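Observations on the three-dimensional arrangement
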Amino acid sequence: SDSGEDEAEVAAFEAKLAAALGTHRGDQDLNEESSESDADMNDEEMEQLDEQLVNVFKARQQNLNQKKDKKDAKENMTNFKNRVLDLLEIYVKKCHSKILALDLLLPLLRLTRKSSVKQISGKANSVLREFTRLCKGSAVPVLEDAEPAWELLKSVHKEAGHSGPPAHASACSQASLLVVKVLLAHDQGAISDVIDVYASTRKEQFLNKKCHVQPTVFTD
């Protein structure tokens, strides 16, 4: 898309330049009758032409500067997001057993799916994998109230229904299993309700064409 935009900008620049000079591009129709612009110009006409050329090149430079500013802003935002994800990775390593850490699951999953910057989506997925890897045995967040965790589990399954890259499907599966671990650590009898959530997602997968849940959510 950037290449197409560049070609369009160059074509527009050449058109403005040709209009200022009163001529045409070499690959255009050379059989057109010559205009009065081919005749010799007086000093006043030359000054006017000079002003037009200055304006054309000034507009071109402004456009290039705007593109550079836009590119720099995009790079700065990418760097900023990378730094934030670095901080979250540190937090996950130190505080993965804290209940607050569960609030990271959905934002990380959505970032894995939505980010158009491969570096960012990959980093988000890496942080989430580290989180789920560390939560083993008793090293899981302890619930005081199970209801928010049930809502989180359902939200993760809803997120899994969105179409995304392969890493997103795997991340959703691991996030779901993590929430299940937390729920079962709180109450072993919750297994029946966990199965109901998975069954509901399976039913949605079969009956709703817009549901893109991948098999890994169930096979894992």
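Described below are features of the structure shown in this document. Given the structure is predicted, the values throughout are model-derived calculations rather than measurements.

**With respect to the environment of Phe218**
- Mapped onto the secondary structure, Phe218 falls in helix α8 (residues 216–219).
- The exposure class of Phe218 is partly exposed, given its relative accessible area of 24%.
- As a C-alpha pair, Phe218 and Ser173 span 45 residues in sequence and 7.9 Å in three-dimensional space.
- What Phe218 contacts, discounting residues up to four positions off in sequence, is Tyr198, Thr201, Arg202, Gln205 and Val213.

**Observations concerning the layout of surface pockets**
- Approximately 260 Å³ is the volume attributed to the second largest pocket.
- In this structure, the second largest pocket is lined by 14 residues; those nearest its centre are His157, Lys158, Gly161, Glu204 and Cys211.
- Of all the elements in the fold, those that place two or more residues in the lining of the second largest pocket are α5 (147–160) and α7 (191–207).
- Among the elements that take part in the lining of the second largest pocket, α7 stands out by supplying five residues, more than any other.
- Looking at the lining of the second largest pocket, its residues break down into three nonpolar, six polar and five charged.

**Regarding the nonpolar core**
- Ranked by internal contacts, the top residues of the largest apolar core, which has 40 residues, are Leu105, Leu109, Phe131, Trp150 and Leu183.
- Among the elements of the structure, α2 (43–95), α3 (105–114), α4 (118–134), α5, α6 (166–186) and α7 are those that each provide at least two residues to this core.
- Contact partners of Trp150, with chain neighbours within four places excluded, come to Leu183, Ala190, Asp193, Val194 and Val197.

**Section: the packing of α5 against α6**
- At their nearest, the axes of α5 and α6 sit 9 Å apart, and the two run at 165° to each other. By the angle between their directions, the pair α5 and α6 is classed as roughly antiparallel. When the axes of α5 and α6 are compared, the crossing they make is left-handed. For the pair formed by α5 and α6, the contact residues are Ala149, Trp150, Leu152, Leu153, Val156, His157, Glu159 and Ala160 on the first element and His168, Cys172, Ala175, Ser176, Val179, Val180 and Leu183 on the second.
- For the contact of α5 with α6, the per-class residue count stands at eleven nonpolar, three polar and one charged.

The rules we used
Residues numbered from 1 in each chain as written. Predicted model: local features only at pLDDT ≥ 70, side-chain atom pairs only at ≥ 80, totals over all residues. Heavy atoms only, no water. Helix = DSSP H or I, 4+ residues; strand = E, 2+ residues; numbered from the N terminus. Buried < 20%, exposed > 50% of the residue type's maximum accessible area, 1.4 Å probe, protein only. Contact = heavy atoms within 4.5 Å. 1 Å grid on protein atoms, 1.4 Å probe; cavity = no way out; pocket = protein on both sides within 12 Å on 5 of 7 lines; lining within 4 Å. Points joined across faces, edges and corners; volume = space filled by probe spheres on them. Nonpolar A, V, L, I, M, F, W, Y, C, P; charged D, E, K, R; others polar. Core = buried A, V, L, I, M, F, W, Y, C linked by side-chain atoms within 4.5 Å. Axes fitted to C-alpha atoms, helices over the stretch in contact; angles between N-to-C directions. Parallel < 35°, antiparallel > 145°, perpendicular 65-115°, else oblique. Left-handed = near helix turned anticlockwise from the far one by under 90°.

Bear in mind that shape data such as this cannot, by itself, settle questions of function.
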